[in-house]
Amino acid sequence: MGFYSQDDLAKLGFKSIGKNVKVSERAAIYGHSQISLGDNSRIDDFCVVSGNVTIGRNVHLAVYSHIAGGRPGVTMEDFSGLAYGAQVFAQSDDYSGGTLTNPTVPAKYKKEIEAPVRLGRHCIIGTNAVILPGVTIEEGTSIGAMSMVTRSTKPWSIYFGVPAKRIKDRSRDLLELEKQYLAEE
């Protein structure tokens, strides 16, 4: 996987960029001036990131993940991540049939749902999971592969399914590892 050099990243015009950031040369980034990347964050091959997006420190976007921040924005807090093919949307067309859909249609004929999305610290979104507009994934939450999250979650929980439902508590043991890691940094 080839990553942009730090000099090349600086030239792309991100809103802000931390230290030791890695962005694949094969990622598609749109609207650099609206995107902030925190220390040690990484965006892998074939990811698509667009719109108002804030990525914290030690955040990972695995191959084929997609963040559509649009106007309302997506925030990924420290140590969160998207597994292969996970998708996060802050905007979506209304699929009920009452209006037209897709970006080729003028806005007056459409109804878009727009609401910010937040992934708290230490959240992990599983392979091919989908997060819809207006959802908050609370700190420490794990979303299982192929899940669709339509409502905000409770912290330190594991969710799975379509729509995603809370399965059980998630361990907080990783918080001690975070302390050790940050102390050594």
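### Observations concerning the overall build of the chain
Logical step 1: Each helix and strand counted, the chain has two helices and 22 strands in total.
Logical step 2: Radius of gyration (C-alpha) of the chain: 17 Å, near the 16 Å computed for a compact globule of 185 residues.
Logical step 3: The C-alpha extent of the chain, read off along each of the three principal axes, is 55 × 45 × 25 Å.
Logical step 4: By residue count, 44% of the 185 residues in the chain fall in the buried class.

### Section: the pairing of strand E22 (residues 165–169)
Logical step 1: In terms of residue burial, E22 counts as a barely covered element, since only zero of its five residues are buried.
Logical step 2: By the bridge criterion, four bridges tie strand E21 (residues 157–160) to E22 in an arrangement that is antiparallel. Across the sheet, the residue bridging to isoleucine 158 is lysine 168, located in E22.
Logical step 3: Hairpin geometry of E21 and E22 is characterised by an intervening segment of four residues between the two adjacent antiparallel strands and by a positive phi of about 115° at glycine 161.

### Concerning the nonpolar core
Logical step 1: Formed by 34 residues in total, the largest nonpolar core has its most connected members in Ile43, Leu61, Leu82, Leu119, Ile125 and Ile137.
Logical step 2: With residues up to four places along the chain from it excluded, the contact list for isoleucine 125 reads Gly81, Leu82, Ala83, Ala86, Leu119, Ile131, Ile137 and Ile143.

Rules behind the numbers
- Residues numbered from 1 in each chain as written.
- Predicted model: local features only at pLDDT ≥ 70, side-chain atom pairs only at ≥ 80, totals over all residues.
- Heavy atoms only, no water.
- Helix = DSSP H or I, 4+ residues; strand = E, 2+ residues; numbered from the N terminus.
- Rg over C-alpha atoms; globule rule 2.2 N^0.38 Å.
- Buried < 20%, exposed > 50% of the residue type's maximum accessible area, 1.4 Å probe, protein only.
- Pairing = 2+ DSSP bridges.
- Core = buried A, V, L, I, M, F, W, Y, C linked by side-chain atoms within 4.5 Å.
- Contact = heavy atoms within 4.5 Å.

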